[in-house]
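Overview (structure and organization)
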Amino acid sequence: MKCGKMFKQFEFYVNDQSASQKEQQQFFSFIKSLKSSKRVRFVFRGNSNIIKYYDTDVDNIPLLSHCIFCIGDKGCYFLQKKLIDFKEIFPVIWNKFNDKVCKLNFRSEQTKQHVLHFLKCNPEIQQYFSNEQNRKSFECISDLPIEDRKKVADYYLSILHTIGKSANGKSFFLSASKNYMVADEFKGTNSIIIYGWLPKKGINNHIIKYIDVEKYSSFVKKIGLPTCNVPIYPEQREICIKCGLLPNYIIGFQHDNKFYINPNILKTQWHDNIVYDGLDIDQKNFNDLLTKSKYSQSFIYYDGDYYLISVNGVNGV
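Residues numbered from 1 in each chain as written. Predicted model: local features only at pLDDT ≥ 70, side-chain atom pairs only at ≥ 80, totals over all residues. Heavy atoms only, no water.

Observations regarding the overall build of the chain
Looking only at helices and strands, the chain has 15 helices and 14 strands in total. The burial tally for the chain puts 51% of its 317 residues in the buried class. The long-range share in the chain, meaning contacts at least 24 apart out of those at least 6 apart in sequence, stands at 76%. When the accessible surface of the chain is split by element, carbon and sulfur atoms take 47% of a total near 15400 Å². (Helix = DSSP H or I, 4+ residues; strand = E, 2+ residues; numbered from the N terminus. Buried < 20%, exposed > 50% of the residue type's maximum accessible area, 1.4 Å probe, protein only. Contact = heavy atoms within 4.5 Å. Areas by Shrake-Rupley, 256 points an atom, 1.4 Å probe, with all protein chains shown as cover.)

Written out as structure tokens, the structure is:
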């Protein structure tokens, strides 16, 4: 189902009020503008446990809307109060692959079968992480230059993230899909689907930097580490968005047959760079809304890097 056709099935709202005809026209003009640029990749995220993130749900649409359109959607990691020291992330990654993935140490039989198939399709992963003699050299990756270290960490953490919560339950990646029907499968009775976009090109130089399991494959292979040739769930067309989907790139969210428009679309003067720069967001209430949510941390993107922020300090990833 194409993105433009899909929107036509909904009743449209701004916060908890029905959208006027003029507001709907503005919304569709915006979607048409994004599509016509041919520089956009639409993404969809089914969220079946929104109260876990926002401490509210679809029974309080005004608050839920304010949270989504001001603080965005973030990975499970941001529910933690303690910052991870990413200088010491490689022993964590090794243990996840060695103890969980290679040994099929999962409660779910379905997950075990998927991981078993994944390992058969990617034998280098199992051979490398099953061999304890490789542990020391892998953990020494922390001695690489910071940009190279980030590439390797992002690569393996994104693989763990795609396996699911049982492999990396505190992931700072956010799952989304290029396929609306996949996102629809992940929603339940009291859930939503968030609609957004990613720029197709120039991502490394702009606010959104998405990481899929292919992105750093050639670099990882070049330094002698095993790579993933076949993803664990290829049918899901999954994208791992690093840290989260910023509100600047959120179109709106769906609950049942109602679609709640990001109100910033209606007040933004669209410009040529909106694909990359995103919507103009008034975040003067950001800290207040973050405090009311279940998130304990946030992040900023500055000069090509991500920085995680909590009450305990700042950490680059």
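Focus: the pairing of strand β1 (residues 11–14)
For a regular strand, side chains alternate in direction, first toward one face of the sheet and then toward the other. As defined by bridge partners, β1 adjoins strand β11 (residues 258–261) across three bridges and the pair is classed as parallel. Its bridge partner being in β11, E11 is matched across the sheet by K258. Relative to strand β2 (residues 17–18), β1 is paired through two bridges, and the arrangement is antiparallel. Bridge assignment links Y13 to a residue of β2, and that residue is S18. Between β1 and β2, which pair antiparallel one after the other, the connecting turn spans two residues, and N15 there sits at a positive phi close to 55°. (Pairing = 2+ DSSP bridges.)

A closer look at the pattern of salt bridges
For the structure on display, the rule yields six salt bridges. Between D99 and K103 there is a salt bridge; the shortest N-O distance is 3.7 Å. By sharing partners, the salt bridges in this structure join E132, R135 and E139 into a single network. (Salt bridge = Lys/Arg side-chain N within 4 Å of Asp/Glu carboxyl O.)

Side note on the packing of helix α5 (residues 89–101) against helix α7 (residues 123–130)
Put simply, α5 and α7 touch, their axes get as near as 9 Å, and they point 110° apart. By the angle between their axes, α5 is roughly perpendicular relative to α7. Across the interface between the two elements, W94, F97 and N98 from α5 touch I125, Y128, F129 and S130 from α7. By residue class, the composition of the contact of α5 with α7 is five nonpolar, two polar and no charged. (Axes fitted to C-alpha atoms, helices over the stretch in contact; angles between N-to-C directions. Parallel < 35°, antiparallel > 145°, perpendicular 65-115°, else oblique. Nonpolar A, V, L, I, M, F, W, Y, C, P; charged D, E, K, R; others polar.)

Notes on α5
In this model, α5 (13 residues) spans 17 Å end to end at C-alpha, consistent with the 18 Å of a helix rising 1.5 Å per residue. If you check which residues of α5 are buried, you get I89, F90, I93, W94, F97, N98 and V101. The arc that holds the buried residues of α5, viewed along the axis, is 160°, so those residues lie on one side. Next to the buried residues of α5 lie α6 (109–121), α7, α8 (135–139) and α9 (146–163). (Expected span 1.5 Å × (residues − 1). Arc of directions from axis to C-beta.)

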